[in-house]
Amino acid sequence: MNASLNRIKDSLLAGQPIVQIVSFEEKRVEGFLKKLGQQTLKNQNYFAWDSRNGLSRGEVPLPDSVLPGRALDAALACAEPAFFVFKDLTPRLRDSLDLVRQVRECYLQFKGSRKFLFLLSPDDSLPASLKKEVDIIHFDLPDYEELDALFNRFLESLTRAGAQVQLAAEEKRSFVTAVQGLTLDEATKAYMKAFQGQPRIHAALIEKIHYEKKQLILKENVLEFFTHALTMEDMGGLDRLKDWLLKRRKAFSKEAREFGLDKPKGILTMGVTGCGKSLASKIIATLWNLPLFRMDMNLVYSGIAGPPEDVFARSLKTMDSVAPAILWIDEIESGISDKTSDSSSSRILGYFLTWMQEHTSEIFIAATANRIDLLPAELLRRGRFDQIFFIDLPTRREREEIFRIHLRKRGNDLGDFNIPQLAQITKNWSGSEIEQVIISGMYEAFADGRKLKEDDLFVIFGSSVPLATTMEEQIKKVRSWAHNRAARASSDKEY
Ligand SMILES: Nc1ncnc2c1ncn2[C@@H]1O[C@H](COP(=O)(O)OP(=O)(O)OP(=O)(O)O)[C@@H](O)[C@H]1O
Ligand SMILES: [Mg+2]
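Residues numbered from 1 in each chain as written. Chains lettered and ligands numbered in written order. Predicted model: local features only at pLDDT ≥ 70, side-chain atom pairs only at ≥ 80, totals over all residues. Heavy atoms only, no water.

Describing the sheet that holds strand β2 (residues 46-50)
Reading across the sheet, the seven strands line up as β4-β3-β2-β5-β6-β1-β7 and stay open at both edges, with mixed pairing between neighbours. Since the sheet does not close on itself, it has two edges, and those belong to β4 (60-61) and β7 (135-138), each with one partner. Sheet topology note: the β2/strand β5 (residues 82-86) ladder contains four bridges and is parallel. Within the sheet, the bridge partner assigned to A48 lies in β5 and is V85. (Pairing = 2+ DSSP bridges. Helix = DSSP H or I, 4+ residues; strand = E, 2+ residues; numbered from the N terminus.)

Put into structure tokens, the structure is as follows:
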């Protein structure tokens, strides 16, 4: 039985006349409410209102009820037990005191008279003056049972249409779990796209569903699916971090569980800008062969996808449903920090901490931070992340590797460059700055119609100052903070 529906029933049984149901799935929720109405009222008094069609009882529209005030009047005037389901009312309550007043009247009048008002909307914002009168219920996404039923209906109709179903019980289950986290409409669409025109329904079609799901997640705007194929070879130095990641390659396997290992939770990389924090996050995904999703905290806070806490919670739920996967939260301090004055960020922090503690899905968090001093202590406590890595400026040997990686990547012949010397004179340069120098040099060479020469690089080095020089104080601070709080990502110390 659907848990959200049970919560609604409990509300009604407790005599609560107004319930706000928060969901993106109008049609699905309405389906449930219609049935509930018949069970509860034993009559056909199911009224629905939306701003285009006004109020109607079943299929029969009531005249002159498009204006919400009129529709609420009609509800107030109704003398029998009834369900009133209002779809577009919630946002209007924000700027109409008259409507708020009418809803309060409904509350007083409906109480005890078996009339019930349901406010259906995708967000849970309500004027403060109504919050006490209204129960707010977040309607869960379809559960396994519901999705299983949907999938079986699909299989039946495909069979009727002459398709051959070749799926073992285990494979069927994976088709159902593949759409968990989607709305019923989205799941339907994903199945349709995967099965359309297929004479044979077989296990490999699940790829299509995974693809569809990734597309839907992109639509949310907050999670971005990454397909970069960066490997260990693209990252110079940072041997300890690499070693840590390599040892956990099979961390999500059954063998690891049987061996008695807990699932890894995640790492936090912090340190000097441009030294490979983001790069490392991308590499984990390739190395562990898991999909990578980046959560953009700025977009979470932008409000374009809804209230920040809702969007954040929904995104973590979505992640649970695409597991196993890597969740990359770049510059986590910009979203999950200790701004006590800002209630939505403290709620997000609370939610995140609980989720980190309790989620059972195989989601590995790769978080990065530049200003770790902004992060709340609870987040850094032992047991939250498996490890906190400090990525410092590259050492001389690491700079050599970085030169080789970026010169080679752009088709240069390593034999043309004295790499130890280049590394020697780029003390205090970050990996990103070294890469930028190579790119600028190549533009010079390209403009002259020749290959890149070592001299091009020397000219640029001579005329630019690395960030570390201008930010010396800040870097000292980061280093001293990291000294006994984080593990160094590199074992080398010879700058
Ligand atoms: N160790 C490295 N090896 C190879 N390339 C590197 C290394 N460090 C940085 N780079 C290059 O610099 C680019 C920028 O690095 P990255 O985005 O990982 O830095 P970051 O630590 O996340 O910096 P920021 O704090 O500015 O976000 C990388 O995409 C890569 O091309
Ligand atoms: Mg970065």
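Let's pick the thread back up.
Structural notes on the site of ligand 1
In the region of ligand 1, 17 residues are neighbours, and G236, T273, G274, S278 and E435 sit closest. Calculation on ligand 1 without its partners gives an accessible area of 630 Å², and the protein chains cover 84% of this total. For the shell around ligand 1, the elements supplying multiple residues, two or more each, are α12 (277-288), α17 (396-409) and α19 (431-448). Of the residues in the shell around ligand 1, the class split is four nonpolar, nine polar and four charged. Looking at the shell around ligand 1, you find at least three residues from each of domain 3 (226-391) and domain 4 (396-427 + 431-465). (Near = heavy atom within 4 Å. Areas by Shrake-Rupley, 256 points an atom, 1.4 Å probe, with all protein chains shown as cover. Nonpolar A, V, L, I, M, F, W, Y, C, P; charged D, E, K, R; others polar. Domains from an automatic or database assignment.)

A few points about the packing of helix α3 (residues 68-77) against helix α5 (residues 97-110)
Interhelical geometry of α3 versus α5 gives an angle of 10° and a closest axis separation of 10 Å. Here α3 lies roughly parallel to α5, going by the angle between them. Two secondary-structure elements touch here, α3 through P68, G69, L72, D73, A75 and L76 and α5 through L99, Q102, V103, E105, C106, Q109 and F110. The residue inventory of the contact of α3 with α5, partitioned by class, reads eight nonpolar, three polar and two charged. (Axes fitted to C-alpha atoms, helices over the stretch in contact; angles between N-to-C directions. Parallel < 35°, antiparallel > 145°, perpendicular 65-115°, else oblique. Contact = heavy atoms within 4.5 Å.)

Here we look at the sheet that holds strand β15 (residues 387-391)
The strands that make up a sheet are held in pairs by hydrogen bonds between backbone atoms, and each pair lies either parallel or antiparallel. Pairing in this open sheet of seven strands is mixed, and the strands run β10-β12-β13-β14-β11-β15-β16 from one edge to the other. Each of the sheet's edge strands pairs with one partner strand only, and the pair in question is β10 (223-226) and β16 (487-488). As paired strands, strand β11 (residues 266-271) and strand β14 (residues 363-369) are joined by five bridges and run parallel to one another. Within the sheet, the bridge partner assigned to T269 lies in β14 and is T368. Contacts from α12 reach β10, β11, β12 (292-295), β13 (325-329), β14 and β15 within the one sheet, and its direction differs from that of β14 by about 165°. Helix-sheet contacts for helix α22 (residues 472-483) involve β11 and β15, and the interaxial angle to β11 is about 145°.

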